Amino acid sequence: FLLIRPQSQRAKQLRERLNAVRRGDTVVTSGGMVGKVTKASDTSDEIEVELADNLKVRVVKGTLLEVRTKGEPVKDAT
C-alpha cells in the first residue's frame, strides 16, 4: 500500500494536468521532445505543439510525460 499510493497520486495529478493543458503551456512528449502548445481543445485528445520555428506537430495528449505551465521553472535534474 505504501508503494502504490504515491504512484497513483502522481498518475492522478498527471491526468488532471493533461485535461487542463492549454495554449502557451510547455510540454514534454514521451519521445523527449519539448515544445509549446499552439492549439488545444477540450473535445479532442490531440493538441498542436510547436517544436521549433515553423515546425508544428499534432500530439496525442496521452503521450505527454509532463506539462509545464507558463512561468513554471525548469526542474533540476539532480
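Before reading further, recall that the structure is shown in the block above.
Residues numbered from 1 in each chain as written. Predicted model: local features only at pLDDT ≥ 70, side-chain atom pairs only at ≥ 80, totals over all residues. Heavy atoms only, no water.

### Considerations on the overall build of the chain
What the chain contains, in helices and strands, is one helix and five strands. Beginning at the N terminus, the succession of helices and strands in the chain can be written as α-β-β-β-β-β. Taken across its 78 residues, the chain has 24% of its residues classed as buried. Taking the contacts inside the chain whose residues are at least 6 apart along the sequence as the reference set, 33% of them involve residues at least 24 apart. Here the chain has roughly 6100 Å² of accessible surface; of this, 52% comes from carbon and sulfur atoms. (Helix = DSSP H or I, 4+ residues; strand = E, 2+ residues; numbered from the N terminus. Buried < 20%, exposed > 50% of the residue type's maximum accessible area, 1.4 Å probe, protein only. Contact = heavy atoms within 4.5 Å. Areas by Shrake-Rupley, 256 points an atom, 1.4 Å probe, with all protein chains shown as cover.)

### Looking at the environment of Val-67
One can find Val-67 in strand E5 (residues 64-68). Sequence spacing of Val-67 and Arg-17 is 50 residues, and the spatial spacing of their C-alpha atoms is 6.5 Å.

### Some details on the pairing of strand E1 (residues 26-29)
Pairing of E1 with strand E2 (residues 34-40), which is carried by three bridges, proceeds in the antiparallel orientation. Its bridge partner being in E2, Val-27 is matched across the sheet by Gly-35. Two successive antiparallel strands, E1 and E2, enclose a turn made up of four residues, where Gly-32 displays a positive phi of approximately 90 degrees. The sheet contact formed by E1 and E5 spans four bridges and is antiparallel. Its bridge partner being in E5, Val-27 is matched across the sheet by Val-67. (Pairing = 2+ DSSP bridges.)

### Examining the sheet that holds E5
Across the sheet, which stays open at both edges, the five strands sit in the order E4-E3-E2-E1-E5 with antiparallel pairing between neighbours. What marks the edges here is a single partner per strand, and that holds for strand E4 (55-60) and E5. Across the sheet, the mean angle from the axis of one strand to that of its neighbour is 40 degrees, orientation sign disregarded. (Axes fitted to C-alpha atoms, helices over the stretch in contact; angles between N-to-C directions.)

### Considering the side chain of Thr-38
With respect to the element layout, Thr-38 can be found in strand E2. Looking at Thr-38, the relative accessible area reads 17%, which means it is buried. When residues no more than four places from it in sequence are discounted, the contact partners of Thr-38 are Arg-23, Glu-48, Val-49, Glu-50 and Lys-56.

None of this, on its own, says anything about what the molecule does.
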